Amino acid sequence: GNGESSKIQDFVSCTGASIDLAKSFLSSNNWDLNMSINTYYATAEPSTSSIEEESVPPPQPQVTERLFQPRYSGRVRQRRKPSSWQNQPSLAKLFKPPDDINFKGSFEQAADEASSAGSWLLVNIQDPLEFKCHQLNRDVWNKAEVRGIIEGSFILWQQENSSKHGQWYCSFYGVREFPHVAILNPKTRQIAKIWENVEDVVDVVSFQESLTEFLRTNSRASSKRQKREDTSSSTQDDDLLQAAIQASLEESATSSRGPKSEIKQHQGKQRPEPGPDAKVAPSVEISPDIKAAVKVSPEPDAGPSVTTLRVRLPSTMGGEQLRRRFFKKASIQNVIDFVWDHMLKAENVPGKGIENLVLKTTFPRRTLNKKATLQDSKLLNAVVQAEFDD
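Each chain carries its own residue numbering, running from 1 in the written order of its sequence. The model is predicted, so local features are restricted to residues of pLDDT at least 70 and side-chain atom pairs to those at 80 or more, both for listing and for counting; the totals for chains, interfaces and linings are taken over all residues. To obtain the side-chain values, all non-hydrogen atoms of the structure were included, while hydrogens and water were left out.

Regarding its fold elements, the protein chain presents 13 helices and 9 strands. The classification of residues rests on relative accessible area computed with a 1.4 Å probe and restricted to protein chains. Under 20% of the type maximum is buried, over 50% is exposed, and intermediate values are partly exposed. Across the 390 residues in the protein chain, those meeting the buried criterion constitute 35%. Here the analysis covers contacts within the protein chain between residues at least 6 apart in sequence; of these, 65% occur between residues at least 24 apart. All accessibility values rest on the Shrake-Rupley procedure with a 1.4 Å probe; residue burial counts only the protein chains present in the view. Accessible surface, the protein chain: about 25500 Å² in total, of which carbon and sulfur atoms supply 50%. Put simply, DSSP marks the helices as runs of H or I at least four residues long and the strands as runs of E at least two long, and each gets a number from the N terminus on. It only takes one pair of heavy atoms within 4.5 Å for two residues to be counted as in contact.

Within 6.5 Å between ring centres, the rings of Phe, Tyr and Trp (the latter by its six-membered ring) count as paired, and their orientation is classed by plane angle as stacked under 30 degrees, edge-to-face over 60, tilted in between. Inspection of the entire model under this criterion finds 17 aromatic pairs. When the ring of Phe 172 is compared with that of Tyr 173, the centres are 4.9 Å apart and the planes differ by 75 degrees; the resulting orientation is edge-to-face. Under the relative-accessibility criterion, Phe 172 is labelled exposed at 55%. Seen in terms of ring centroids, Phe 326 and Phe 338 are 5.7 Å apart; in terms of plane orientation they differ by 75 degrees. Their pairing is edge-to-face. On the criterion of sequence distance, the pair formed by Phe 326 in strand β6 (residues 321-327) and Phe 338 in helix α13 (residues 332-345) is long-range, its members being 12 residues apart. Like Phe 326, the residue Phe 338 is buried in the burial classification. Members of the aromatic cluster, each reached through a chain of ring pairs, are Phe 107, Trp 157, Trp 168, Tyr 169, Phe 172 and Tyr 173. For a ring to carry a charge above it, either NZ of a lysine or CZ of an arginine must fall within 6 Å of the ring centroid while also lying within 35 degrees of the normal to the ring plane. Its guanidinium or amino end placed over the ring of Trp 195, Lys 193 lies 4.9 Å from that ring's centre, counting from NZ or CZ. Across from the ring centre of Phe 338, 5.1 Å away, lies the NZ or CZ of Arg 324, which sits over that ring.

A word on helix α7 (residues 144-153). The set of residues buried in α7 consists of Val 146, Arg 147, Ile 149, Ile 150, Gly 152 and Ser 153. The elements touched by buried residues of α7 are β1 (120-126), α6 (131-141), β2 (154-160), α10 (204-218), β5 (306-312) and β9 (382-388).

With that out of the way, let us pick up helix α8 (residues 164-173). Taken together, the buried positions of α8 are occupied by Gly 166, Tyr 169 and Cys 170. Taken around the axis of α8, the buried residues stretch over an arc of 95 degrees, which confines them to a single face. Exposed residues on α8 whose side chains face more than 90 degrees from its buried face are Lys 164, Ser 171 and Phe 172. Where α8 terminates, the next one or two residues include Gly 174, which has phi positive at roughly 65 degrees. The arc under discussion is defined with respect to the helix axis, by the directions toward the C-beta atoms.

A few words on the environment of Asn 185. With respect to the element layout, Asn 185 can be found in the loop between β3 (180-184) and β4 (191-194). Two N or O atoms form a polar contact when they lie within 3.5 Å of each other; inside protein one atom must be a possible hydrogen donor and the other a possible acceptor, and for residues adjacent in sequence the pair counts only when both atoms belong to side chains. Of the polar contacts made by the side chain of Asn 185, one reaches the backbone nitrogen of Lys 187; its length is 2.9 Å.

Further remarks concern the packing of helix α2 (residues 19-28) against helix α3 (residues 33-43). Fitting a line to C-alpha atoms yields each axis, with helices limited to the stretch in contact; the angle taken between N-to-C directions then spans 0 to 180 degrees. Put simply, α2 and α3 touch, their axes get as near as 9 Å, and they point 115 degrees apart. As judged from the angle between their axes, α2 and α3 are roughly perpendicular. α2 and α3 meet at a crossing whose hand is right-handed. Between α2 and α3, the residues in contact are Leu 21, Phe 25 and Leu 26 and Leu 33, Ser 36, Thr 39, Tyr 40 and Thr 43, respectively. Under the grouping applied here, Gly and all other residues not named as nonpolar or charged are polar, the nonpolar ones being Ala, Val, Leu, Ile, Met, Phe, Trp, Tyr, Cys and Pro and the charged ones Asp, Glu, Lys and Arg. Along the lines of polarity and charge, the residues of the contact of α2 with α3 split into 5 nonpolar, 3 polar and no charged. Each angle gets one of four labels, with under 35 degrees taken as roughly parallel, over 145 as roughly antiparallel, 65 to 115 as roughly perpendicular, and the rest as oblique. If you view the pair so one helix is near and one far, a crossing is left-handed when the near helix is turned anticlockwise from the far one by less than a right angle, and right-handed when it is turned clockwise.

The next point concerns the sheet that holds β5. Read across the sheet, 5 strands follow the order β6-β5-β9-β7-β8 without closing on themselves; strand pairing throughout is mixed. In this open sheet, the two strands that pair with only one neighbour each are β6 and β8 (366-367). In this scheme, strands are said to pair when DSSP sees at least two bridges between them. Direction of pairing for β5 relative to β6: antiparallel, over a ladder of 7 bridges. In the strand pairing of β6, Arg 312 is matched with Gln 321. Where α13 meets the sheet, it contacts β5, β6, β7 (357-361) and β9, and its direction lies at approximately 120 degrees from that of β7.

With that settled, the discussion passes to the side chain of Arg 310. Checked against the element boundaries, Arg 310 lands in strand β5. Glu 151 is the oppositely charged side chain nearest to the buried, salt-bridge-free Arg 310, at an N-O distance of 10 Å. Once residues within four sequence positions are removed from consideration, Arg 310 is found in contact with Gly 152, Ser 153, Gln 321, Leu 322, Arg 323, Ala 382, Val 383 and Val 384. When charges are tallied, Lys and Arg are placed among the positive residues and Asp and Glu among the negative ones, while His and the ends of the chain are skipped. Within this document, salt bridges are pairs made up of a side-chain nitrogen of Lys or Arg and a carboxyl oxygen of Asp or Glu, the two lying within 4 Å of each other.

Turning next to the environment of Val 306. Along the chain, the position of Val 306 falls in strand β5. Once the C-alpha coordinates of Val 306 and Arg 325 are considered, the two residues, 19 residues apart in sequence, prove to be 6.6 Å apart. The contact partners of Val 306, leaving out residues within four places of it in the chain, are Pro 300, Asp 301, Arg 325, Phe 326, Phe 327 and Lys 328.

Below you can see the structure in the form of structure tokens.
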């Protein structure tokens, strides 16, 4: 049936054995996939090509010697080299969970961490009795490409359905099928995306494309919403200001007793020609002080005291995204210096100085203290937005 064919394919994918051999092991173990795989690795015959045949030495002639010798002068037997099947990875290593990138703690702690880091919360609930859950560990979570996406934009929270935290999540969100994979908004705790088809999850290419597409359409949602709110608020303030100025001019014109020519003359004086000492708006031309270079420390190598940071440039400058490693104890000002140095080299500097350049978290929106460190600001493997303040 379809169930047996699926188990045969899973057996072949895991062990690399032939289809006939897979059928033999499965049928002899009552089609229990996990037991068949364990039996295969425990009973597989070693390859004869990797075993060196030992030469049998000829019999030694009979001699009379002392029972105790200062040194052993007999023949030393050569040790047999381990065969290839002994070097094969164990099941525990093949299906090892992603403990190094998995958040340790409760659901609330994981959501708070993701919210502080401006990341999405990626939830995975596993059932140890389901082979697809182990396949997810082997084929997806342990792939470098997927790990790179997770470390840059997500906080991964993986739990077993039998654990305390896993039981709470399944009860609260009504999870009944495993593996369960979903993306949650860490601020509202609402599910933003869920994978209904398990095949789309265990297929690393399909899953990677889904994550990339989600980030492309949702990574800047809060920034765009905030920008629209700021633009709307600014437009309303400008309208109110213009209305107040117009009302003031009309009141002044009505209350004035002078001739209309004086009113026109008075209104004409509202915009005098700039004199030699008059202050004018700053030119777009960049002054040498604004172009002042900064000293940027070399990029450190990856290590336990180093984190990766992604910085999005302002939308007025194309919205380019920079990626670089920093020490966890580096300050926010060090990151600003790096961004400024990149702008200078790309000759893409606006008419503002480095003192106006700030970094802000994407979600929730907050301006970062320039003197604080990345670790204190909870910006480990995070994404920040570079902007110019007035």
